[in-house]
Amino acid sequence: RFWEESVGIWEDDRGRIVRAVHTEHPGLGDAFIERHPEHMYLLEDMLDYAESNLASKEDRRLRLFVYEHDRDLLSLVERRGYRKVEEDWDYDQEYAIKSIPRPRLPSGYTIMSMAEGNDLAARGRAFGLGFDHPDSKHWAPVHVYEELQRAPDYRKDLDLYVLAPDGEMASFCIIWYDEKNRIGVLEPVGTVPGHRKLGLAREVIYEAMRRVYAIGAERVIVGGGQKFYATLGFEKTIMCYGWIKEV
């Protein structure tokens, strides 16, 4: 019950979630602070929550990830004594959908979606192997993937994978469609060892773009500064740095 006991949520008077504080992985030491653009207040309360609940139990350190354009949060962490770690950086990348290259899948490989073949065990295996976890204890079990599929913006037809000639899920991506802002968000993307360097991730990403473009997306974003995305036509947008404090 780590997530239930660690995620901080704030609601407005209509019961809508407008702010959240959370980690990314099951474990303490890192925190992400998110809020709705119409509810930018109470940053002090959110930071108080992070320091009280999400700091590492070993050394009481807390690392916040702050985007360079977030002037309010930057000002707050500076006032509260956080230290910017210059070498701890990342950035978002964006692809403005004007044209998408034609498919170039290797012979024998096929792109499918979870709407066509919802094999959760195989999907969890591909997820684990794609992020270099050969031990099955680190693979997403079926019940965890079932929870993911209950997320509000999840769509099985936008959860794509490449099927290899031998039937293995070889590469995958999920694209989440933000209808209000007409944005597709890639998370996660991976390729199983043994099927890398074949262009499979490129092809499954482009197919994801085609699908969200068909329903209204104007751009696609991905968090992370991997150079791979630049080769697909993504461009660097906003920087993010880690800020550390012992609390």
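Up top is the structure these notes are about.
What counts and what doesn't
Residues numbered from 1 in each chain as written. Predicted model: local features only at pLDDT ≥ 70, side-chain atom pairs only at ≥ 80, totals over all residues. Heavy atoms only, no water. Helix = DSSP H or I, 4+ residues; strand = E, 2+ residues; numbered from the N terminus. Rg over C-alpha atoms; globule rule 2.2 N^0.38 Å. Buried < 20%, exposed > 50% of the residue type's maximum accessible area, 1.4 Å probe, protein only. Contact = heavy atoms within 4.5 Å. Areas by Shrake-Rupley, 256 points an atom, 1.4 Å probe, with all protein chains shown as cover. Lys, Arg positive; Asp, Glu negative; His and termini not counted. Charge placed at Lys NZ, Arg CZ, Asp CG, Glu CD. Phe/Tyr/Trp six-rings, centres within 6.5 Å; stacked < 30°, edge-to-face > 60°. Pairing = 2+ DSSP bridges. Axes fitted to C-alpha atoms, helices over the stretch in contact; angles between N-to-C directions. Salt bridge = Lys/Arg side-chain N within 4 Å of Asp/Glu carboxyl O. Polar contact = N/O pair within 3.5 Å; in protein donor to acceptor, adjacent residues only side chain to side chain.

**Remarks on the overall build of the protein**
For the protein, the helix and strand inventory stands at seven helices and 11 strands. Scaling as 2.2 N^0.38, a compact globule of 247 residues should have a C-alpha radius of gyration of about 18 Å, and the protein matches this with 19 Å. Along the longest, intermediate and shortest principal axes, the C-alpha atoms of the protein span 55 × 40 × 40 Å. Taking all 247 residues of the protein together, 44% fall into the buried category. Of the contacts formed within the protein by residues at least 6 apart in sequence, a portion of 69% connects residues at least 24 apart. Entry remark: accessible area of the protein is about 13900 Å², with carbon and sulfur atoms responsible for 49%. Charged side chains of the protein number 34 positive and 44 negative; the gap between the two group centres comes to 3 Å.

**Section: the packing of aromatic side chains**
Under the criterion given, the structure shown has 11 aromatic pairs. Seen from their ring centres, Phe-127 and Phe-131 are 5.4 Å apart, and the 35° between their planes marks the pair as tilted. The class for Phe-127 is partly exposed, based on a relative accessible area of 27%. Taken together, a centroid distance of 5.6 Å and an interplanar angle of 75° make the contact between Tyr-229 and Phe-234 edge-to-face. On the basis of relative accessibility, which here comes to 6%, the residue Tyr-229 falls in the buried class.

**Focus: the sheet that holds strand β5 (residues 83-96)**
With respect to topology, 11 strands assemble into an open sheet ordered β1-β2-β3-β4-β11-β5-β10-β9-β8-β7-β6, the strand pairing being mixed. One side of each edge strand has no neighbouring strand; the edge strands of this open sheet are β1 (8-11) and β6 (110-113). If you compare each strand with its neighbour and ignore which way they point, the axes differ by 25° on average. Strand direction decides the pairing type here: strand β8 (residues 169-178) and strand β9 (residues 183-191), joined by seven bridges, are antiparallel. Opposite Ser-171, over in β9, you have Thr-191 as the bridge partner. Set on the sheet, helix α3 (residues 71-79) makes contact with β3 (30-35), β4 (61-67) and β11 (235-246); between it and β4 the angle comes to about 150°. Set on the sheet, helix α6 (residues 200-214) makes contact with β5, β6, β7 (159-163), β8, β9 and β10 (219-223); between it and β8 the angle comes to about 30°.

**Concerning the pattern of salt bridges**
Within the structure shown, the criterion is met by 22 salt bridges. As a salt-bridge pair, Arg-63 and Asp-30 come within 2.9 Å of each other at their nearest N and O atoms. Residue Arg-63 is located in strand β4, and its partner Asp-30 is located in strand β3; the two are separated by 33 residues in the primary sequence. The salt bridge involving Arg-80 is made with Glu-51; its shortest N-O contact spans 3.2 Å. One end of the pair, Arg-80, is in the loop between α3 and β5; the other, Glu-51, is in helix α2 (residues 43-53), with 29 residues separating them in the sequence. Exposure class is identical for Arg-80 and Glu-51. Each is buried. Overlapping salt bridges, with partners in common, bring together Glu-44, Asp-48, Glu-51, Arg-79, Arg-80 and Lys-245 in one network.

**Focus: unusual backbone geometry**
Between Glu-187 and Pro-188 the backbone carries a cis peptide bond, its omega angle lying at 0°. Examined against the element boundaries, Pro-188 turns out to sit in strand β9. We note that Leu-42 has phi near 65°; this positive angle belongs to a residue other than glycine. Considering the arrangement of structural elements, one finds Leu-42 in the loop between β3 and α2. Although it is not a glycine, Arg-182 adopts a positive phi angle of roughly 60°. Note that Arg-182 resides in the loop between β8 and β9. Under the relative-accessibility criterion, Arg-182 is labelled partly exposed at 37%.

**Structural notes on the environment of Arg-63**
By relative accessible area, Arg-63 is classed as partly exposed at 24%. A C-alpha to C-alpha distance of 13 Å links Arg-63 and Glu-86, two positions 23 residues apart in sequence. Contacts of Arg-63, omitting those with residues within four sequence positions, involve Gly-29, Asp-30, Ala-31, Asp-88, Gly-242, Trp-243 and Ile-244. A polar contact is formed between the side chain of Arg-63 and the side chain of Asp-88, at a distance of 2.9 Å.

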